[in-house]
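Remarks on the overall topology
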Amino acid sequence: MTKPERKDKLKQSKLYGTMQVVSNYLDRYYLDGIAGLIPGGIGDAVTALFSLIHVYFSLFKLRSIPLTLAILNNTLRDVFLGMIPFYVGDVIDFFHRANTKNMALIDGFINDDKAIIKEVNRKSVQSLIAIIAFVTAIFLLLWLLVEIAQTIGSAIFS
């Protein structure tokens, strides 16, 4: 299959159409922002689940780890921004439009748009750095908990 045929096949797939519909409803009709009004970050988490379709498409159909990381970058940024307290995050959520950004990344990647591919690479590096930082922080916190537990245990049992 030639590259143009593959592009057409990807864009005509049912999954691609579903992604467009989901992105349209969540961002164009502000359902992402409205769902974000549900307290406790529940609405933000639910709408983030809809982004899994973008993740699936980029990882399994396009087979691109950098694109998948860039999509996760947009999605997680949307969730974290939406969780800013005092409805500030909810207001930001109405304008962030992560799903539309993810569709733009996918379209640009399929069409070999150099600017989009550069953005994908930049965002994937940001995501990788964030993942390394989070994993390091988790290990440091676990180490700290063990040290505290040992200190308390030795103080109690001495």
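Notes on the structure follow. Starting afresh in each chain, residues are numbered from 1 along the sequence in its written order. Local features in this predicted model are restricted to residues of pLDDT 70 or higher, and side-chain atom pairs are both shown and tallied only at a pLDDT of 80 or more, whereas totals for entire chains, interfaces and linings draw on every residue. In computing side-chain values, all of the structure's heavy atoms are included and hydrogens and water are not.

**Considerations on the packing of aromatic side chains**
By convention, a stacked pair of Phe, Tyr or Trp rings (six-membered ring in the case of Trp) has centres within 6.5 Å and planes under 30 degrees apart, an edge-to-face pair has planes over 60 apart, and any other such pair is tilted. Scanning the model with the defined rule gives 4 aromatic pairs in all. Between Tyr 56 and Phe 60, the ring centres sit 5.0 Å apart and the planes meet at 40°, which makes this aromatic pair tilted. Of this pair, Tyr 56 and Phe 60 both sit in helix H5 (residues 52-61), 4 residues apart, which is roughly one turn of the helix. Burial here depends on accessible area, computed with a 1.4 Å probe over protein chains only, as a share of the maximum for the residue type. Under 20% is buried, over 50% is exposed, and the range in between is partly exposed. In this structure Tyr 56 comes out as partly exposed when scored by relative accessible area, which is 39%. Only DSSP runs of H or I reaching four residues or more are called helices, and only runs of E reaching two or more are called strands; each is numbered from the N terminus.

**Focus on a positive patch on the surface**
Exposure above 30% relative accessible area and the lack of any salt bridge qualify a residue for a patch; like charges then connect within 9 Å, and the nonpolar side chains Val, Leu, Ile, Met, Phe, Trp and Tyr within 5 Å. The Shrake-Rupley method, run with a 1.4 Å probe, gives the accessible areas here. Residue values count only the displayed protein chains as cover. Basic side-chain nitrogens of Lys or Arg form a salt bridge, by our definition, when they fall within 4 Å of a carboxyl oxygen of Asp or Glu. For the purpose of charge, His is not counted, nor are the chain termini; Lys and Arg are scored as positive and Asp and Glu as negative. Lysine's charge is taken at NZ, arginine's at CZ, aspartate's at CG and glutamate's at CD. On the surface, Arg 6, Lys 9, Lys 61 and Arg 63 cluster together into a positively charged patch. Looking at the secondary structure, you find Lys 61 in helix H5. Residue class for Lys 61 comes out partly exposed when judged on its relative accessible area of 37%.

**Observations regarding the pattern of salt bridges**
The tally for this structure, following the rule as stated, stands at 2 salt bridges. The partner of Lys 3 in a salt bridge is Asp 112, with the nearest N and O atoms 2.9 Å apart. Remark: Asp 112 occurs in the loop between helix H8 (98-110) and helix H9 (114-156) and Lys 3 occurs in helix H1 (residues 3-11); sequence separation between them is 109 residues. Residues Lys 123 and Glu 119 are paired through a salt bridge, measuring 3.5 Å at the closest nitrogen-oxygen approach. Of this pair, Lys 123 and Glu 119 both sit in helix H9, separated by 4 residues, roughly a single helical turn. Judged by its relative accessible area of 27%, Glu 119 falls in the partly exposed class.

**Points about the nonpolar core**
In summary, soluble globular proteins display a tendency toward joint burial of nonpolar side chains. Side-chain atoms within 4.5 Å link the members of a nonpolar core, which is a set of buried Ala, Val, Leu, Ile, Met, Phe, Trp, Tyr and Cys residues. In this structure, Tyr 16, Met 19, Phe 57, Leu 62, Leu 67, Ile 106 and Ile 110 are the most contacted members of the largest nonpolar core, which totals 17 residues. Only helix H2 (14-28), H5, helix H6 (65-82), H8 and H9 provide two or more residues apiece to this core. Here this core takes 4 residues from H8, the largest share from any one element. Residues count as neighbours in contact if any of their non-hydrogen atoms are within 4.5 Å of one another. For Leu 67, the residues in contact, after removing those within four places along its chain, are Ser 58, Leu 62, Leu 105, Ile 106, Phe 109 and Val 120.

**Topic: the side chain of Ser 51**
Along the polypeptide, Ser 51 turns up in the loop between helix H4 (42-50) and H5. In protein, a polar contact means a hydrogen-donor-capable atom and an acceptor-capable atom, both N or O and within 3.5 Å, with residues adjacent in sequence counting only if both atoms are side-chain atoms; elsewhere, any N or O pair within 3.5 Å suffices. Engagement of the side chain of Ser 51 in a polar contact is seen with the side chain of Asn 99, the distance being 3.1 Å. Ignoring any residue separated from it by four or fewer positions in sequence, one finds Ser 51 in contact with Thr 75, Asn 99 and Asn 102.

**Digging into the packing of H2 against H8**
All axes here are fitted lines through C-alpha atoms, helices being fitted over the stretch that makes contact, and every angle between N-to-C directions spans 0 to 180 degrees. Where H2 contacts H8, the two axes come as close as 8 Å, and the packing angle between them is 150°. In terms of orientation, H2 and H8 fall into the roughly antiparallel class. Considering how the two elements wind past one another, H2 and H8 form a crossing that is left-handed. Along the contact surface, H2 presents Tyr 16, Met 19, Gln 20, Ser 23, Leu 26 and Asp 27, while H8 presents Ala 98, Asn 99, Thr 100, Met 103, Ile 106, Asp 107 and Ile 110. Here the contact of H2 with H8 is built from residues that sort into 7 nonpolar, 4 polar and 2 charged. The scheme is simple: roughly parallel for angles under 35 degrees, roughly antiparallel for over 145, roughly perpendicular for 65 to 115, oblique for anything else. Whether a crossing is left-handed or right-handed is set by the direction in which the near helix is turned from the far one by less than a right angle, anticlockwise for left-handed and clockwise for right-handed. Residue type decides the class: Asp, Glu, Lys and Arg count as charged, Ala, Val, Leu, Ile, Met, Phe, Trp, Tyr, Cys and Pro as nonpolar, and the leftover types, Gly among them, as polar.

**So, a nonpolar patch on the surface**
Among the surface-exposed residues, Val 21, Tyr 25, Tyr 29, Tyr 30, Leu 31, Ile 34, Leu 37 and Tyr 87 lie close enough to one another that they form a single nonpolar patch of about 800 Å² accessible area. Secondary-structure elements contributing two or more residues to the nonpolar patch are H2 and helix H3 (31-35). With respect to the helices and strands, Tyr 87 occurs in the loop between H6 and helix H7 (88-96). Overall, the relative accessible area of 55% leaves Tyr 87 in the exposed class.

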